[in-house]
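Descriptive structure summary
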Amino acid sequence: MNLKDKIKESSVETLNSLNQNKKAFFLVVVLALIFMFALCWIVFFITVRGPEQVMVPNVEGKELTTALLELQAKELYPKIQLKYTDNPDDAGKILNQNPESGAIVKAGRRINLTVSRGTILDHVENYIGQNYDDVKINLQTMFTGSSRPLIVLAEPSYKSDQSEAGTILAQDPPEGTIISNPVTVKLIVSKGAEYENTRVPKITGLGINALLQTLSGSKVIFDFTSHIVQDGESEGTVVSQEKDSSQFVPNYARVSAEIALPKKQNDDEVIGLFQANLPNYPYAVEMTLESSKAGVKETIVTLKHKGGSVTIPYAAQKGSELLLTIAGRTVAREFVD
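Figured I'd write up the structure that's included with this text. (Residues numbered from 1 in each chain as written. Predicted model: local features only at pLDDT ≥ 70, side-chain atom pairs only at ≥ 80, totals over all residues. Heavy atoms only, no water.)

Digging into the overall build of the chain
Helices and strands together make up the secondary structure of the chain, namely four helices and 18 strands. Out of the 337 residues in the chain, the part that is buried amounts to 33%. As displayed, the chain has an accessible area near 20,800 Å², and 52% of this comes from carbon and sulfur atoms. (Helix = DSSP H or I, 4+ residues; strand = E, 2+ residues; numbered from the N terminus. Buried < 20%, exposed > 50% of the residue type's maximum accessible area, 1.4 Å probe, protein only. Areas by Shrake-Rupley, 256 points an atom, 1.4 Å probe, with all protein chains shown as cover.)

Printed below as a string of structure tokens:
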């Protein structure tokens, strides 16, 4: 073989060797890339893998500190809501939880816990000197929605006293009595000084506005009747009363009076006589007559009355509703037509 052939053969071998090495190099590069991609994929999933799933423990009925430790052990976090209960022994305990015990959740989940603040009241307060109706309303408001009110007012006893009617004079049990179970409170309430008298105000000849102003400050209960205005009378005025202004009567005694109503009512305003039958009260309570139309309320008069038959003259818009309220509660209503 001559030199030329040897050089040619050597070149071919070198070229073949380079081609083989190139394929090997390319294969190594491809394998390295695949390995790196697989490694990155594994690292990615390890990094973003969700937290461990755990079972929610049962913490209902347990003290808050105990419940928090149990949740912490499961890597669960509390969201706390406080609530008053009827049982003083519930204070600081878990009333309910969400999710419920046994549920499978991811670690780090928030668990809603309702925790008792105990009772809204843990002892009997001092009611002496307060108004009975105010105390009654306050207690009703305090225990609204409660299935077992902790304080129940018994039907009070009434006695004559110099104190204003409705004032609480005595109570049993006394102030400071600890409440562990529902307590019935007995009260003695003033019905005012029965022997006090008041002068009968003169209302004959008064129109509606002046009449209502007089009634609001009077300690006399007027029982009104009405008739259609007659000759010589002015419509919408009081035409007679049983007793005149020279006479004295016991506080909140009843006196008859007559009012003349228009033959034809105005298109916008109606003059009439509101009538209602209520329970008889042991003392005069404050009541308010108001008109309501299109959501707008206007007070007609506020006066004191002992219940039973209630009659109040009024002037109100046609189509309105008259509401008689005692201590914020509607006890009678009537439509104006």
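Examining the side chain of Gln241
For Gln241, the position within the fold is in strand S12 (residues 237-241). Take Gln241: its relative accessible area is 17%, and that puts it in the buried class. Within polar-contact distance, the side chain of Gln241 engages the backbone oxygen of Pro201 at 3.1 Å. Polar contacts involving the side chain of Gln241 include one to the side chain of Thr204, which spans 3.0 Å. Contacts of Gln241, omitting those with residues within four sequence positions, involve Val200, Pro201, Lys202, Ile203, Thr204, Phe222, Ser256 and Ala257. (Polar contact = N/O pair within 3.5 Å; in protein donor to acceptor, adjacent residues only side chain to side chain. Contact = heavy atoms within 4.5 Å.)

Thoughts on unusual backbone geometry
Put simply, Asn98 and Pro99 share a cis peptide bond, and its omega is 5 degrees. Here Pro99 lies in the loop between strand S3 (94-98) and strand S4 (104-106). Cis geometry is found at the peptide bond from Asp172 to Pro173, where omega equals 5 degrees. Mapped onto the fold, Pro173 is located in the loop between strand S8 (168-172) and strand S9 (183-190). Positive phi values are uncommon outside glycine, yet Tyr252 reaches one of about 65 degrees. Position of Tyr252 among the secondary structure elements: in the loop between strand S13 (248-250) and strand S14 (254-261). Here Ala327, not a glycine, exhibits a phi torsion of approximately 55 degrees, which is positive.

Structural notes on the nonpolar core
Counting 53 residues, the largest nonpolar core has Phe222, Phe224, Leu289, Tyr314 and Leu324 as the members making the most contacts within it. A total of 10 residues in this core trace back to one element, the largest contributor, which is strand S15 (residues 269-293). If near-sequence neighbours (up to four positions away) are discounted, Phe224 is found in contact with Ile203, Leu211, Leu215, Val238, Ala257, Leu273, Thr311 and Pro313. Within the second largest apolar cluster, 12 residues are counted, among which are Val59, Leu71, Val105 and Val115. (Core = buried A, V, L, I, M, F, W, Y, C linked by side-chain atoms within 4.5 Å.)

Description of the packing of aromatic side chains
Taken as a whole, this structure holds two aromatic pairs when the rule is applied. Taking the centre distance of 5.7 Å and the plane angle of 55 degrees together, the rings of Tyr158 and Tyr283 count as tilted. Linking Tyr158 in strand S7 (residues 157-159) with Tyr283 in strand S15, this pair joins segments that are 125 residues apart in sequence. (Phe/Tyr/Trp six-rings, centres within 6.5 Å; stacked < 30°, edge-to-face > 60°.)

Points about the side chain of Asp223
If you trace the backbone, Asp223 turns up in strand S11 (residues 221-228). In terms of polar contacts, Asp223 uses its side chain to reach the side chain of Arg254, at 2.7 Å. For Asp223, the residues in contact, after removing those within four places along its chain, are Arg254, Val255, Ser256, Ala257, Ser309 and Thr311.

Some words on the sheet that holds S15
Pairing within the open sheet is antiparallel, and its four strands lie in the order S16-S15-S17-S18. With partners counted over all chains shown, the strands left at the sheet margins are strand S16 (296-317) and strand S18 (329-335), one partner each. Strand-to-strand twist in this sheet, taken as the mean axis angle between neighbours without regard to direction, amounts to 25 degrees. In the sheet, S15 pairs with strand S17 (residues 321-326) via six bridges, with the strands oriented antiparallel. Opposite Thr288, over in S17, you have Thr325 as the bridge partner. Sheet strands touched by helix H4 (residues 208-216): S15 and S16. Its angle to S16, the strand with the most contacts, is close to 45 degrees. (Pairing = 2+ DSSP bridges. Axes fitted to C-alpha atoms, helices over the stretch in contact; angles between N-to-C directions.)

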